[in-house]
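Next come the chains, spelled out residue by residue.
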Amino acid sequence: MGFYEVVVVKDGQANRMSQSLDWDGMLADLAQVDVSERTVEGDTRLVGTLTTYDMQDHLLLHRVKGAGEWLSVLNFDTGDLRELEQSAQEGYLDTSVICFLPFGNVVGVMQGGVSAPSHKALETWLNGIRMFPGHVFEVRPVVTHAEIEKLKTAAGASRVEVKVMANQMSALGDRSGGLARTLRVASEAYGDISVTMIISVPKKKELRQHREHLLADLAEISDLVTGAERARARLVFSDPGGEERTRLVELVEHSITAKKRVPATDGEGRSIRIVSAVDAILGAAAEHEEALRLAVDAGGP
């Protein structure tokens, strides 16, 4: 699944909106219109429907399979093969589940399959149904900001997570910091490897020097981590009053995605695929909320 930001296009430029649009209102209005008004014809036919879960509406975006697509059903008990034909009043669908988050015009998208509607299909559909007159939308991946400059103003680091690929190890040179030494020892011991390292310092006053030390070691390899596969840190900042606060910073830009298991049926064999997808999207959104808000400048909860 992936997270995407809906932005507006004006004079050829895509710009972030200062306020969240009323997506809940759009979905409520959508429920009142005919199927034809929720359908967009283009290279493929896209149809939007709603699902309501825990008193919240979510969007199901469907791609209607073309009449020429070959669809068959196989009975695994008998081996019988049956061809499926579409009637003029019906269509077979590839479906994606889409949840609009309550900040930053961010959506979570889970495709039901490789041919199910993508975020670009959502863009086409939003522009086609024109529920927000005067708006032309672009739907783009939410990409974390690289905040390497924050290392210069932090007082310490309570957690560092970094994944360094084998071809970057040579850049360590003879650096003496703890992070550099650990990466170099792993490389020398196991050869051409990638290393994922997580170091966490407990939030205890007596460990302040350890957090300062971890920050210094991270700063020493800052040129390396900006090109790493993954690098993030929870930095500690000191307020004028002496209070400490922490902030998660992304040291490498990357799209925010998540892998989640989506059960198709419950214990009694009933389909729960859509409910499972909504749960997975909202669960991942909660896990990544801080990074998502930071990426779209949505502020705190």
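Note: the structure precedes this text.
Residue numbers here run from 1 along each chain, matching the order of that chain's written sequence. Residues qualify for local features only when their pLDDT is at least 70, as the model is predicted, and side-chain atom pairs are given and counted only at 80 or more; totals for whole chains, interfaces and linings, by contrast, use all residues. In computing side-chain properties, one takes all heavy atoms of the structure into account and sets aside hydrogens as well as water.

Even without a glycine there, the phi angle at Asp-54 is positive, about 55°. Burial classes follow relative accessibility: with a 1.4 Å probe on protein chains only, a residue under 20% of its type's maximum area counts as buried, one over 50% as exposed, and anything between as partly exposed. Residue Asp-54 is classed as exposed on the basis of its relative accessible area, which comes to 67%. Despite not being glycine, Asn-105 has its phi angle at roughly 55°, a positive value.

Helix and strand definitions follow DSSP, with helices as H or I runs of at least four residues and strands as E runs of at least two, each counted in order from the N terminus. Mapped onto the fold, Asn-105 is located in the loop between strand S8 (93–100) and strand S9 (106–111). A polar contact is formed between the side chain of Asn-105 and the backbone oxygen of Gln-19, at a distance of 3.2 Å. A polar contact of 3.0 Å, which involves the side chain of Asn-105, links it to the side chain of Trp-23. In what follows, a contact means two residues having at least one pair of non-hydrogen atoms within 4.5 Å. Ignoring sequence-local partners within four residues, the contact set of Asn-105 consists of Tyr-4, Glu-5, Val-6, Met-17, Gln-19, Ser-20, Leu-21 and Trp-23. For this analysis, a polar contact is any N or O atom pair within 3.5 Å, provided that within protein one partner can donate a hydrogen and the other can accept it, and provided that sequence-adjacent residues contribute only side-chain to side-chain pairs.

Looking now at the packing of helix H3 (residues 178–190) against helix H4 (residues 208–220). Between N-to-C directions, angles span 0 to 180 degrees; the directions come from axes that are lines fitted to C-alpha atoms, helices contributing only their stretch in contact. Remark: H3 packs on H4, axes separated minimally by 7 Å, with the N-to-C direction vectors making an angle of 60°. On H4, the residues touching Gly-178, Leu-179 and Ala-180 of H3 are Leu-214, Asp-217, Leu-218 and Glu-220. Only Asp, Glu, Lys and Arg are considered charged in this grouping, and only Ala, Val, Leu, Ile, Met, Phe, Trp, Tyr, Cys and Pro are considered nonpolar; every other residue, Gly among them, is considered polar. Classifying every residue of the contact of H3 with H4 gives 4 nonpolar, 1 polar and 2 charged.

Okay, the sheet that holds strand S11 (residues 156–164) next. Should DSSP find at least two bridges between two strands, the strands are taken to pair. Across the sheet, 4 strands lie side by side as S12-S11-S13-S14; this open sheet has antiparallel pairing. On the outer flanks of this sheet lie strand S12 (195–200) and strand S14 (244–250), each paired with one strand and no other. Going across the sheet, the axis of each strand differs from the next one's by a mean of 15°, ignoring polarity. In terms of strand pairing, strand S13 (residues 230–238) meets S14 through 7 bridges, oriented antiparallel. In the strand pairing of S14, Ser-238 is matched with Glu-244. Those strands touched by H3 are S11 and S12, and its axis lies near 145° from that of S12. The sheet strands contacting H4 are S11, S12, S13 and S14, and the helix crosses S11 at an angle near 35°.

Judged from the 4 bridges that link them, strand S6 (residues 71–74) and strand S7 (residues 81–84) form a sheet pairing that is antiparallel. Across the sheet, Leu-71 pairs through a bridge with Leu-84, a residue of S7. In this antiparallel pair of consecutive strands, S6 and S7, the connection spans 6 residues, and Gly-79 shows a positive phi of 80°.

Attention shifts here to the side chain of Lys-65. Counting through the fold element by element, Lys-65 comes out in the loop between strand S5 (56–64) and S6. Residue Lys-65 is classed as buried on the basis of its relative accessible area of 16%. A polar atom in the side chain of Lys-65 sits 3.1 Å from the side chain of Asp-94. Beyond its immediate sequence surroundings of up to four residues, Lys-65 is in contact with Leu-71, Gln-86, Tyr-92, Asp-94 and Ser-115.

It is characteristic of soluble globular proteins that their nonpolar side chains tend to be buried jointly. Counting residues in hydrophobic clusters, the biggest one holds 30 residues, and the most contacted among them are Leu-183, Leu-218, Ile-221 and Leu-235. Sequence-distant contacts of Leu-235, defined by excluding residues within four places in its chain, comprise Lys-150, Leu-151, Ala-154, Gly-156, Ala-157, Leu-215, Arg-245, Thr-246, Arg-247 and Val-249. Counting residues in hydrophobic clusters, the runner-up holds 25 residues, among them Met-17, Leu-27, Leu-126 and Phe-132. For this analysis, a nonpolar core means a set of buried residues of the types Ala, Val, Leu, Ile, Met, Phe, Trp, Tyr and Cys, connected via side-chain atoms within 4.5 Å.

What makes a salt bridge here is a side-chain nitrogen of Lys or Arg within 4 Å of a carboxyl oxygen of Asp or Glu, nothing more. Applying the stated criterion to the full structure yields 18 salt bridges. Across the salt bridge formed by Asp-223 and Arg-175, the nearest N and O atoms sit 2.7 Å from each other. Of this pair, Asp-223 sits in helix H5 (residues 222–225) while Arg-175 sits in the loop between S11 and H3, placing them 48 residues apart in sequence. Residue Asp-223 is classed as exposed on the basis of its relative accessible area of 51%. For Glu-250, the salt bridge identified is with Arg-232, shortest N-O distance 3.4 Å. With a gap of 18 residues between them, Glu-250 in strand S14 and Arg-232 in strand S13 connect regions that are remote in the sequence. The exposure class assigned to Glu-250 is buried, which follows from its relative accessible area of 2%. Within this structure, Glu-5, Arg-16, Arg-140 and Asp-297 form a network of salt bridges that share partners.

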